[in-house]
Amino acid sequence: MYKIAIVEDEWESAERLSQCLELYSRESGAMFNITRYKNGLNFLEEYKPTYDIVFMDIDMPHKNGLAVAGELRRIDPAVVLIFVTFLAKYAVRGYEVEALSYMVKPLNYNAFKMTMDRAVSRCARWDRPTVLLPSSEGTIRIELSCLNCVEIADHNITYHTTQGDFSAYGTMRTVEKLLPAQQFSRCNRSVLVNLRSVKRISGDFVYVGDQKFEISRTRKQAFLEAIHAYSIST
C-alpha cells in the first residue's frame, strides 16, 4: 500500500489524477491510499512524513508549489515528489527540490504511467531505510544513509545530514533509541556517528562527511570495535 498526497486546488485536475491512479492500480496491482489537499498551506500544516509519493501543482493560491516543495524538503527529504502543472516552463526548477519528474496538464495516461512506473520503482527500492526524528520543525524523515552524525550541546541537538542541518531539543539517549545501534556509535559524549559515513580515522579524530570530531579516550576502544563490526557486516 502506497500513501499518496495530491496537492491541487482545481477539482477537475485532482479528479483526473485520481482517475489515472485508479487505472494504474487496476493495471499494475499497486494499492494506493490517497489524500487530497486544496492548497499548499493546508498540506504543510497537516503534513506528516509518512507519504510515499506527493503530486504537487505549481500554480496554487497563497503559496505556489515550488515554495511548498522547498518547505516540504526541509521536513521530508525522502518522499517522491512529482509536479503536475500547466506551467511547464517553471517545472525545470523542480529539480532544485529533487523532484522525480513533472507532468503537464491535462494528463495523458501513457505519460502518467511511465512516470508512475519510475515512482513506484523508487519506492520499492527503499532498501534505503529511513527514520522519523523529532526536530524544531516537527517530525522529520531522514534516510539513514544521509544522516552523517548527531551532535548535542546543552540539550540542543543538531542532525548533520547531506541535505543540511536540522535542530531539535532533547537528549542524546532519546535519539540513540531511534537509531540502529549497529550503525551508530558515539565517538565522544556529545557526538553520535553514522559508521557508514566515516571517511577515515587519524589519531584521536574521526572524519565524518566534511567534519572532524575528537574520539574520547574512554570511548575509543568501543568506537573502533563498532566500526570494525559494522564494516564486516556490510
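Preceding this section is the structure that the text describes.
Residues numbered from 1 in each chain as written. Predicted model: local features only at pLDDT ≥ 70, side-chain atom pairs only at ≥ 80, totals over all residues. Heavy atoms only, no water.

Caption draft 1: Focus on the environment of Thr35. Here Thr35 is to be found in strand S2 (residues 32-37). By relative accessible area, which is 27% here, Thr35 ends up partly exposed. When the C-alpha positions of Thr35 and Ile6 are compared, they lie 6.2 Å apart, and in sequence the two are 29 residues distant. Setting aside anything within four residues of it in sequence, one finds Thr35 in contact with Ile4, Ala5, Ile6 and Tyr51. (Helix = DSSP H or I, 4+ residues; strand = E, 2+ residues; numbered from the N terminus. Buried < 20%, exposed > 50% of the residue type's maximum accessible area, 1.4 Å probe, protein only. Contact = heavy atoms within 4.5 Å.)

Caption draft 2: Region of the structure containing the sheet that holds strand S14 (residues 205-208). Pairing is antiparallel in the open sheet, where three strands are placed in the order S13-S14-S15. The open sheet terminates on both sides in strands that have one partner only, identified here as strand S13 (198-202) and strand S15 (211-214). Across the sheet, the axes of successive neighbouring strands diverge by a mean angle of 25°, strand direction being ignored. Relative to S14, S13 runs antiparallel, the two sharing four bridges. Bridge pairing in S14 places Ser202 opposite Phe205. (Pairing = 2+ DSSP bridges. Axes fitted to C-alpha atoms, helices over the stretch in contact; angles between N-to-C directions.)

Caption draft 3: How the structure looks around the pairing of strand S6 (residues 130-135). Of the two faces of S6, only the one carrying Val131, Leu133 and Ser135 is buried; Thr130, Leu132 and Pro134 on the other face are not. Bridge analysis of S6 against strand S7 (residues 138-143) gives six bridges, and the strand direction is antiparallel. Paired with Thr130 across the strands is Glu143, a residue of S7. In this structure, the hairpin formed by S6 and S7 is closed by a connection of two residues.

Caption draft 4: Molecular detail of the nonpolar core. In this structure, Phe43 and Tyr159 are the most contacted members of the largest nonpolar core, which totals 39 residues. Filtering out sequence-adjacent residues up to four positions away, Phe43 remains in contact with Ala5, Val7, Tyr37, Val54, Met56, Val68 and Leu72. Judged by nonpolar contacts, the second largest core, of 24 residues, contains Cys20, Val84, Phe112 and Met116. (Core = buried A, V, L, I, M, F, W, Y, C linked by side-chain atoms within 4.5 Å.)

Caption draft 5: Broad picture of the side chain of Thr115. Here Thr115 lies in helix H5 (residues 109-124). Contact partners of Thr115, with chain neighbours within four places excluded, come to Ile82, Leu100, Ser101 and Met103.

Caption draft 6: Spotlight on the pattern of salt bridges. Tallied over the full model, the rule gives nine salt bridges. Linking Glu10 and Lys105 is a salt bridge whose minimum nitrogen-to-oxygen distance equals 3.8 Å. Residue Glu10 is found in the loop between strand S1 (2-7) and helix H1 (11-28), and its partner Lys105 is found in the loop between strand S5 (101-104) and H5; the two are separated by 95 residues along the sequence. The partner of Asp204 in a salt bridge is Lys220, and the shortest N-O contact between them spans 2.9 Å. Linking Asp204 in the loop between S13 and S14 with Lys220 in helix H7 (residues 220-233), this pair joins segments that are 16 residues apart in sequence. For Lys220, a relative accessible area of 25% translates into the label partly exposed. (Salt bridge = Lys/Arg side-chain N within 4 Å of Asp/Glu carboxyl O.)

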